[in-house]
Amino acid sequence: MKITEHIAKAKKTLFSFEILPPLKGESIQTLFKAIEPLMEFKPAFIDVTYHREEYVYKQHPNGLLEKRTIRKRPGTVGICAAIMNHFKVDAVPHLICGGFDKEETENALIDLNYLGIDNVLVLRGDSIKSETSFIPEPNGHAYASELLEQVVNMNKGIFLDTEMTKAQPTNFCIGVAGYPEKHFEAPNLQTDLKYLKKKVDMGADYIVTQMFFDNKKFFEFVRLCREMGIDVPIIPGLKPITTKKQLTTLPSIFHIDLPQELVEAVEACKDNAQVKQVGIEWGIQQSKELIEFGVPCLHYYSMSKSDAVQSIAAALF
Ligand code: FAD
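Predicted, not measured: the structure shown is a model, and the values here were computed from it.

J.: Just to check I follow, could you spell out the pairing of strand β1 (residues 14-19) for this structure?
T.: Regular strands have side chains that alternate between both faces of the sheet. Counting buried positions along β1 yields 6 of 6 residues, so the element is predominantly enclosed. By the bridge criterion, 5 bridges tie β1 to strand β10 (residues 297-301) in an arrangement that is parallel. Residue pairing in the sheet places Leu14 in a bridge with Cys297 of β10. Pairing of β1 with strand β2 (residues 45-48) involves 4 bridges; the strand directions are parallel. Within β2, the position partnered with Ser16 by the bridge is Phe45. The parallel pair β1 and β2, bridged by helix α2 (residues 28-39), forms a crossover whose chirality is right-handed.

See below:
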């Protein structure tokens, strides 16, 4: 079922979460074990992230360096199908521009369509570690809006081969990313919102936000979106803080701020068990306020570790 249909028929705030595909070589049971404790809260859907290839250099005995491409985690098509089959819940694959040309993207979308996967979250993806800025593949997409256009076209029966005049249209519900604290490359929030509006005007059905820890930033983001005529559902993304190290890693990876009150509470903790407790309490408080604000769904970044999200969900759902 489409995310927009879940939202339309819901009588209360929905629960959903995001997981990472298991590392290559790990069994699907590892992933199922991370999902199982959260199933009692009846998630409306589960998102599966996509991870780009990385370059590594292997030194040969003659001193020459060989550049190799490795992908540590598999793609999302098989995992989404496995989750849907095992748990009978909608799985939402993340589709990224990085590393794919249009043909490969079309093939992935055809597979998703055959598998009865109704939703996709379309993203640009980040640059790979060795690149200073995002470089699209030859015949690939430079922005999420271009990838979105490809999905919207397929929903109209327009495939890459323009001679295919009788192609069956797909019917994907399309999500896009939004950034309450602006995307790190955008010169300012206003410009970032202009491009977010472009994605919605081109056919995005809903927005999921980057994680944030200060609800005021989300409320202001929603206000600005509505003011500009962005009228699709906006789903807040939340991440419970669980370690002291995250005080520096989360801002540096996700380009977000942590409120001083949270920072001080985490700094005062003796160990990470205490930090997790602080993170859970903060997450419950944030979630309660967001429910009161009327968000359609609370989406948690579990990063495949379910215990903190489980404690938050137990207090709310
Ligand atoms: P875009 O919408 O393309 O925007 C990228 C930047 O370009 C922004 O600064 C925007 O303002 C600007 N921009 C947009 N259009 C134009 C234009 N036409 N001209 C000039 N500037 C423009 N990454 C992964 O690799 N895998 C994942 O699974 C994944 N999941 C995510 C889930 C969520 C909910 C979120 C919020 C992020 C996720 N990311 C993921 C990270 C995301 O890929 C990065 O943040 C990436 O840098 C931007 O992606 P985007 O889709 O927002 O890009």
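Now that the structure has been shown, the text picks up again.
J.: Help me out: how do you make sense of helix α10 (residues 272-293) in this one?
T.: Side chains of residues three or four places apart in an α-helix project in the same direction, reflecting 3.6 residues per turn. Helix length check: α10, at 22 residues, gives a terminal C-alpha distance of 31 Å against a target of 32 Å (1.5 Å per residue), a fit within 8%. Every buried residue belonging to α10 is among Val275, Val278, Gly279, Ile280, Trp282, Gly283, Ile284, Gln286, Ser287 and Leu290, and all of these are buried. On the buried face of α10, the contacting elements are α7 (215-227), β9 (234-238), α9 (260-267), β10 and α11 (307-316). Measuring from the side-chain oxygen of the N-cap residue of α10 to the backbone nitrogen of Ala273 gives 3.2 Å; that N-cap residue is Asp271. At the exit of α10 stands Gly294, carrying a positive phi of roughly 100 degrees.

J.: Explanation requested: the packing of α9 against α10 in the structure shown.
T.: The relative placement of two packed helices comes down to the angle between their axes together with the axis-to-axis distance. Where α9 contacts α10, the axes come no closer than 9 Å and their chain directions differ by 155 degrees. Between α9 and α10, the angle is such that the two are roughly antiparallel. Crossing angle aside, the handedness with which α9 passes α10 is right-handed. On the side of α9, the interface is formed by Glu261, Leu262, Ala265 and Val266, while α10 contributes Val275, Val278 and Trp282. By residue class, the composition of the contact of α9 with α10 is 6 nonpolar, no polar and 1 charged.

J.: Got a minute to help me understand the pattern of salt bridges in this structure?
T.: Where charged atoms from two side chains of opposite charge come close, those side chains can pair. Scanning the entire structure with this criterion turns up 8 salt bridges. Between Arg124 and Glu185 there is a salt bridge whose closest N-O contact spans 2.8 Å. Separated by 61 residues along the polypeptide, Arg124 in the loop between β6 (119-123) and α5 (144-155) and Glu185 in the loop between β7 (173-178) and α6 (189-201) bring together distant segments of the chain. Between Lys217 and Glu181 there is a salt bridge, with the nearest N and O atoms lying 3.5 Å from each other. Of this pair, Lys217 sits in helix α7 while Glu181 sits in the loop between β7 and α6; the two residues are 36 residues apart in sequence, bridging distant segments of the chain.

J.: Looking at this structure, how should I read the site of the ligand?
T.: Lining the immediate surroundings of the ligand are 23 residues, of which Tyr50, Asp126, Tyr179, Asp192 and Lys199 lie closest. One of the backbone nitrogen or oxygen atoms of Tyr50 is found 2.7 Å away from a nitrogen atom of the ligand. In the environment of the ligand, an oxygen atom lies 2.9 Å from a nitrogen or oxygen atom belonging to the backbone of Ala144. In isolation the ligand exposes 990 Å². Once the protein is present, 87% of that is buried. Of all the elements in the fold, those that place two or more residues in the shell around the ligand are β5 (90-96), β6, α6 and β8 (206-211). Broken down by element, the shell around the ligand gets its largest block of residues, 4 residues, from α6.

J.: Is there a simple way to think about the sheet that holds β1 in this case?
T.: One key point about sheets: their strands pair by backbone hydrogen bonds, in either a parallel or an antiparallel sense. In space, the 8 strands of this closed barrel follow the order β1-β2-β5-β6-β7-β8-β9-β10, with parallel pairing throughout. Neighbour to neighbour, the strand axes of the sheet diverge by 25 degrees on average, direction disregarded. Relative to β6, β5 runs parallel, the two sharing 3 bridges. The residue bridging Ile96 from the neighbouring strand is Leu123, located in β6.

J.: Is there a simple way to explain the side chain of Thr13 in this structure?
T.: Of note, Thr13 is situated in the loop between α1 (3-9) and β1. Aside from chain neighbours lying at most four places away, what touches Thr13 is Ile291, Val295, Pro296, Cys297, Leu298 and Phe317.

Each value, and the rule that gives it
- Residues numbered from 1 in each chain as written.
- Predicted model: local features only at pLDDT ≥ 70, side-chain atom pairs only at ≥ 80, totals over all residues.
- Heavy atoms only, no water.
- Buried < 20%, exposed > 50% of the residue type's maximum accessible area, 1.4 Å probe, protein only.
- Helix = DSSP H or I, 4+ residues; strand = E, 2+ residues; numbered from the N terminus.
- Pairing = 2+ DSSP bridges.
- Right-handed = clockwise from strand over helix to strand, strands pointing away.
- Expected span 1.5 Å × (residues − 1).
- Contact = heavy atoms within 4.5 Å.
- Polar contact = N/O pair within 3.5 Å; in protein donor to acceptor, adjacent residues only side chain to side chain.
- Axes fitted to C-alpha atoms, helices over the stretch in contact; angles between N-to-C directions.
- Parallel < 35°, antiparallel > 145°, perpendicular 65-115°, else oblique.
- Left-handed = near helix turned anticlockwise from the far one by under 90°.
- Nonpolar A, V, L, I, M, F, W, Y, C, P; charged D, E, K, R; others polar.
- Salt bridge = Lys/Arg side-chain N within 4 Å of Asp/Glu carboxyl O.
- Near = heavy atom within 4 Å.
- Areas by Shrake-Rupley, 256 points an atom, 1.4 Å probe, with all protein chains shown as cover.

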